[in-house]
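Fold and contact review
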2 protein chains.
Amino acid sequence: MRENARMADTPHVVIVGGGFAGLWATRALASASVRITLLDRGNHHLFQPLLYQVATAGLSAPDIAAPLRHILRGQRNATVLMGEAVAVDKAARAVRLANGTSLSYDTLMVCTGATHAYFGHDEWAPHAPGLKTLDDALAIRRRILTAFERAEAEPDPARRTAWLTFAVVGGGPTGVELAGTLAEIARHTLRKEFRNIDPGCARVMLLEAGPRVLATFPEELSAKAARSLARLGVDVRTGKPVSNIDAAGFVLGDERVDAHTVLWAAGVAASPLARTLDVPLDRAGRVAVAPDLTLPGHPEIFCAGDLATVQWGERTVPGVAPAAKQMGTYIADVIRARLFGRPAPPPFRYKDYGNLATIGRRAAVVDLHGFRFSGYFAWAFWLIAHVFFLIGFRNRVVVLLDWAMAYWTYQRNARIVLGREQK
Amino acid sequence: MRENARMADTPHVVIVGGGFAGLWATRALASASVRITLLDRGNHHLFQPLLYQVATAGLSAPDIAAPLRHILRGQRNATVLMGEAVAVDKAARAVRLANGTSLSYDTLMVCTGATHAYFGHDEWAPHAPGLKTLDDALAIRRRILTAFERAEAEPDPARRTAWLTFAVVGGGPTGVELAGTLAEIARHTLRKEFRNIDPGCARVMLLEAGPRVLATFPEELSAKAARSLARLGVDVRTGKPVSNIDAAGFVLGDERVDAHTVLWAAGVAASPLARTLDVPLDRAGRVAVAPDLTLPGHPEIFCAGDLATVQWGERTVPGVAPAAKQMGTYIADVIRARLFGRPAPPPFRYKDYGNLATIGRRAAVVDLHGFRFSGYFAWAFWLIAHVFFLIGFRNRVVVLLDWAMAYWTYQRNARIVLGREQK
């Protein structure tokens, strides 16, 4: 309140979502004479590219998250607010929150990201959890670790096999990472720890409806990734969609597979807040923004990150962290130009630095504008890039330490089941 | 099953509870010709003395826990089973599990510890959570961090004050640690991170019904601890019991205090499994065991740790980690003596190495058999002792790193709100 009173005459920029787009926009406006309110459901910025490591017990939740408030403590024009936006009222220029209050804005930036989408099969959701938040990651970790425990206690061989069958739906980077790490856990991490089962006999399946895994990569790297997965023992199935998922397993083509652990890495849809903007959305619920990332007809509203769809040649800008950061910085440029009465910057252009995905221990694929490589060096490159971009000095050190330990010992340090199993 | 078949003729020792007593007994039986089943609700051994650090966002949950299965991977006569014991059937010599199965034993050791007790006021439980498991710690962390967030968003001054009022009920070591750390978080960790509130104005109260905090310590150390707490800004109230707790606050004597965050560190009761043993229990639900830690009349059943009450001079053996470890090791000795037909060891005697409690940054009290000290050196002693006893090399390194960072920067690295707030 103190700050707000003093700065009541400066324009109020409300940024909804503290992901890469929102946080980068906030930081880029540090020296602008605006007052910023950064609203987020949680209290932290999440380094989403490493979320699968929390889900597979390699890292602790706080290793890949940092409190937004702490990151922005020195930025006097920014106020962080923990709360959930439920609707945008364009006429009143206000964001309505779940607690009944609302926030008025002069300029609004909506960047609340994406959530899982089950292609009209929401009934699959409880049986095939997706991976978007830290809570999702901890729930998946609990499922994976509990499955081995249940198998150890199960006398019936068929049921034991169902507990030892793991399927990942979706062959994009997250699916490949999850499947590769699951295979490693079964073959190496849990070796010699069970008495009634051999975790190495676990079956890990990666189910991709399209013709190949890592479809956004060149074909040669997809093939390399598929070979690396096979070497790790992953049963990769392409070209057939999953037609049903229930508590006991799934159906792939004509085949019914009994599996108690199915993870969803297939579809995403923009956060439901997009629907309250009352504009046409694409099939994934994303907002088709103008070339300056504003809402058509509403120059005071910007959309960015996974919530926005932006043309990029024949394709659209991919839903990756660098794209979200670039959008955030671009929007800050537009806002600053307006404040100074300068001409608007040229339309947003995504700068593609390349594409990388890891498969497991010493295996990754990297595509840097035609400079393609895979294997050990790709894996080292992936590791360095990810640690470099992690926020917070301590996090980088601890993540490196965890990885070094995991590399030498095959152990995973976050193998702790948290929360009670859902019945 | 493979192992069990091979070892079917060796006696089966079932140990229920993977805390200090159960784990130490299991390890001490490594070379005995028994087959051991260690049953636990969770998958991990928890280093409970540092649990308050997880609750106050100083450490991550996996920092203070290690999978039981991993600890015991090399011990071929031990099988770890994740499951919940619901009853002991002494006549059938079997433990019944929550999943409907049961485990037959030749020898049974029950060491399922303690849970919170609200002295007949179970309706206080949702408003004043206690601290016994990692899930408790994460729930308390969420409450503490969310309270500051709610205060920041609250325009009404009285309600804001209620969000900034924290009370800890119970002036034992856990209560003192929680209150001291809460004061540090408010005064130092969160400084400069809020715009509408000054976290330094938060009120932290420590409520002890008895005449002094740390009642199990000598009076001079209690007085020193109270002075250290006061210096940290904690409002210590002794001599009056809390007479009511609800969602909005609590009543202490004639005084009603509005506080949204009340933590319970006052009473414990033995785990409900003790009741199924069908023997007389003390006021706290603990089993009064024979001098050799067996159930009177049942030499094949042992109780240990917080579940057992054992005479120690005029007092009973305190519910601390060293006592539980000693009981575990002692029970293994008795079992081994029986296997070899040797005479039973002399009755259990608790070896008291001393008593220590930390209050906050550079403040602790230590009582080593009359050698009493406090302040900086006591704190350093506490720190070294706790890191030394932490299980797992990586945990020690990461905990030390977290503490070093926290010491120099006043930051706490696990300030991540996990899970949704309960309505």
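Residues numbered from 1 in each chain as written. Chains lettered and ligands numbered in written order. Predicted model: local features only at pLDDT ≥ 70, side-chain atom pairs only at ≥ 80, totals over all residues. Heavy atoms only, no water.

Time to look at the pattern of salt bridges. Within this structure, the stated rule accounts for 26 salt bridges over all chains. Salt-bridge contacts for B:Glu300 lead to B:Arg93; the nearest nitrogen and oxygen are separated by 3.8 Å. Here B:Arg93 lies in the loop between strand E6 (85-89) and strand E7 (94-97) and B:Glu300 lies in strand E21 (residues 298-303), a separation of 207 residues in the sequence. Relative accessible area serves as the criterion here: at 38%, B:Arg93 is assigned to the partly exposed category. Salt bridges sharing common partners tie together A:Arg203, A:Asp235, A:Arg237 and A:Glu255. (Salt bridge = Lys/Arg side-chain N within 4 Å of Asp/Glu carboxyl O. Helix = DSSP H or I, 4+ residues; strand = E, 2+ residues; numbered from the N terminus. Buried < 20%, exposed > 50% of the residue type's maximum accessible area, 1.4 Å probe, protein only.)

Those places that UniProt annotates as "domain: FAD/NAD(P)-binding" (unreviewed entry) correspond, in this numbering, to residues 12-328 of chain A. With 26% helix and 29% strand, the stretch residues 12-328 of chain A has end C-alpha atoms that lie 17 Å from each other. (UniProt positions renumbered as here; feature names shortened; annotations may be inferred.)

Here the focus is the relation of the copies chain A and chain B. When chain A is brought onto chain B, the operation consists of a screw motion whose angular component is 180° and whose axial shift is 0.0 Å, with 0.0 Å RMSD remaining. Taken together, these values place the two copies in the relation of a two-fold axis. (Least-squares fit on C-alpha atoms with pLDDT ≥ 70 in both.)

What follows concerns the domain arrangement of chain A. Residue and element names in this part refer to chain A. For chain A, the assigned domains read domain 1 (2-41 + 83-116 + 268-339) and domain 2 (122-266). Placing the centre of domain 1 and that of domain 2 at their C-alpha centroids yields a distance of 35 Å. Surface buried jointly by domain 1 and domain 2 totals about 430 Å² across both partners, of which 55% is contributed by carbon and sulfur atoms. Remark: the boundary between domain 1 and domain 2 carries zero salt bridges. Remark: the boundary between domain 1 and domain 2 carries one residue pair in polar contact (both at pLDDT 80 or more). Class assignment of the residues belonging to the side of domain 1 that touches domain 2 gives a composition of two nonpolar, two polar and two charged. (Domains from an automatic or database assignment. Buried area = accessible area lost by both parts, 1.4 Å probe. Polar contact = N/O pair within 3.5 Å; in protein donor to acceptor, adjacent residues only side chain to side chain. Nonpolar A, V, L, I, M, F, W, Y, C, P; charged D, E, K, R; others polar.)

For the rest of this paragraph, the subject is the sheet that holds strand E16 (residues 255-258) of chain B. All names here are of chain B. Pairing is antiparallel in the open sheet, where three strands are placed in the order E14-E15-E16. Looking at the sheet topology across the chains shown, the edges are occupied by strand E14 (242-246) and E16. Here the average twist between neighbouring strands, direction ignored, is 15°. Across four bridges, the pairing between E14 and strand E15 (residues 249-252) is antiparallel. Bridge pairing in E15 links Asp-246 to Gly-249. (Pairing = 2+ DSSP bridges. Axes fitted to C-alpha atoms, helices over the stretch in contact; angles between N-to-C directions.)

What follows deals with the interface of chain A and chain B. You'll often see interface size given as the accessible area lost when the parts meet. Counting from both sides, the interface comprises 57 residues of chain A and, opposite them, 56 residues of chain B. Of the roughly 5,100 Å² buried between chain A and chain B on both sides combined, carbon and sulfur atoms contribute 55%. Across the contact surface, chain A and chain B share two salt bridges. A salt bridge links B:Glu149 to A:Arg69, with the shortest nitrogen-to-oxygen separation between them at 2.6 Å. Our enumeration of links across chain A and chain B arrives at 18 residue pairs in polar contact (both at pLDDT 80 or more). Elements that contribute at least two residues to the side of chain A that touches chain B include exactly helix H1 (2-6), strand E4 (65-67), helix H4 (68-71), strand E5 (78-82), helix H5 (134-153) and helix H11 (393-409) of chain A. With nine residues, the top contributor of residues to the side of chain A that touches chain B is H5(A). Residues belonging to the side of chain A that touches chain B are distributed by class as follows: 26 nonpolar, 12 polar and 19 charged. (Contact = heavy atoms within 4.5 Å.)

Time to look at the packing of aromatic side chains. Residue and element names in this part refer to chain A. Enumeration over the complete set of coordinates arrives at 28 aromatic pairs over all chains. With a centroid separation of 6.0 Å and an interplanar angle of 75°, the aromatic rings of Phe-20 and Phe-47 are classed as edge-to-face. In this pair, Phe-20 is assigned in helix H2 (residues 20-28) and Phe-47 in the loop between strand E3 (44-46) and helix H3 (51-55), connecting sequence segments 27 residues apart. On the accessibility criterion, Phe-47 (5% relative accessible area) is buried. Put simply, the rings of Tyr-118, Phe-119, Trp-124 and Trp-264 touch in pairs and so form one group of aromatic residues. For the cation-ring pair, Arg-27 lies above Trp-24, with the distance from its terminal atom to the ring centre recorded as 5.0 Å. (Phe/Tyr/Trp six-rings, centres within 6.5 Å; stacked < 30°, edge-to-face > 60°. Lys NZ or Arg CZ within 6 Å of the ring centre and 35° of its normal.)

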